[in-house]
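Examination of the molecular architecture
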Amino acid sequence: QVQLVESGGGLVQPGGSLRLSCVASGSTTNPRDIGWYRQAPGKQRELVVSSSSDGTTNYADFAKGRFTISRGNAKNTVYLDMNNLKPEDTAVYYCYQYIFIRGYWGQGTQVTVSS
């Protein structure tokens, strides 16, 4: 049984930083494709960043230069490092990992950027 467990969200002031973590519990297989998405109240879920196993990484315009996706030392762990956070970054952030034969979604973690 594979589950994506997210952590690291919270309240941060504008200009601050957060690291979100996504651990694929129950998996010992490297995820092929990984990504982060976010959804603000009343808005559509939108791509933050996606990364394929072939090395292709695509950041949304708002994330370029501020957010970084990475694979942890543990092969089932994915991070999203967020810097210079802005109020408009406030949303629920969802992790995605394609593992073996299917994709999985995390439960979401709230990020609130406010002074």
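Given the structure is predicted, the values throughout are model-derived calculations rather than measurements.

**So, the nonpolar core**
Counting residues in each nonpolar core, the largest one holds 24 residues, and the members touching the most others are W36, V48, F67, L80, M82 and Y93. Of all the secondary-structure elements, those providing two or more residues to this core are strand 3 (18-25), strand 4 (33-39), strand 5 (46-51), strand 7 (67-71), strand 8 (77-82), strand 9 (91-99) and strand 11 (109-113).

**As for the environment of Q39**
Checked against the element boundaries, Q39 lands in strand 4. Under the relative-accessibility criterion, Q39 is labelled partly exposed at 29%. For the pair Q39 and T90, spaced 51 residues apart in the sequence, the C-alpha separation amounts to 8.6 Å. Among the polar contacts listed, one links the side chain of Q39 to the backbone oxygen of K43, at a separation of 3.0 Å.

**A closer look at the state of the cysteines**
According to the stated counting rule, one finds 1 disulfide in the structure shown. Here C22 engages in a disulfide with C95; their sulfurs sit 2.0 Å apart. What sets the handedness of the C22 and C95 disulfide is the S-S torsion sign, and at about -85° it is left-handed. A residue pair is termed long-range when its members are at least 10 positions apart, and C22 in strand 3 and C95 in strand 9 qualify at 73 residues. Here C22 matches C95 in class, with each residue buried.

**Regarding the pattern of salt bridges**
According to the stated counting rule, one finds 5 salt bridges in the structure shown. Between R38 and D89 there is a salt bridge, with its nearest N and O atoms 2.9 Å apart. Remark: D89 occurs in the loop between strand 8 and strand 9 and R38 occurs in strand 4; sequence separation between them is 51 residues. You'll find R38 and D89 in the same group, each marked buried.

Calculation rules
- Residues numbered from 1 in each chain as written.
- Predicted model: local features only at pLDDT ≥ 70, side-chain atom pairs only at ≥ 80, totals over all residues.
- Heavy atoms only, no water.
- Core = buried A, V, L, I, M, F, W, Y, C linked by side-chain atoms within 4.5 Å.
- Buried < 20%, exposed > 50% of the residue type's maximum accessible area, 1.4 Å probe, protein only.
- Helix = DSSP H or I, 4+ residues; strand = E, 2+ residues; numbered from the N terminus.
- Polar contact = N/O pair within 3.5 Å; in protein donor to acceptor, adjacent residues only side chain to side chain.
- Disulfide = S-S within 2.5 Å.
- Salt bridge = Lys/Arg side-chain N within 4 Å of Asp/Glu carboxyl O.

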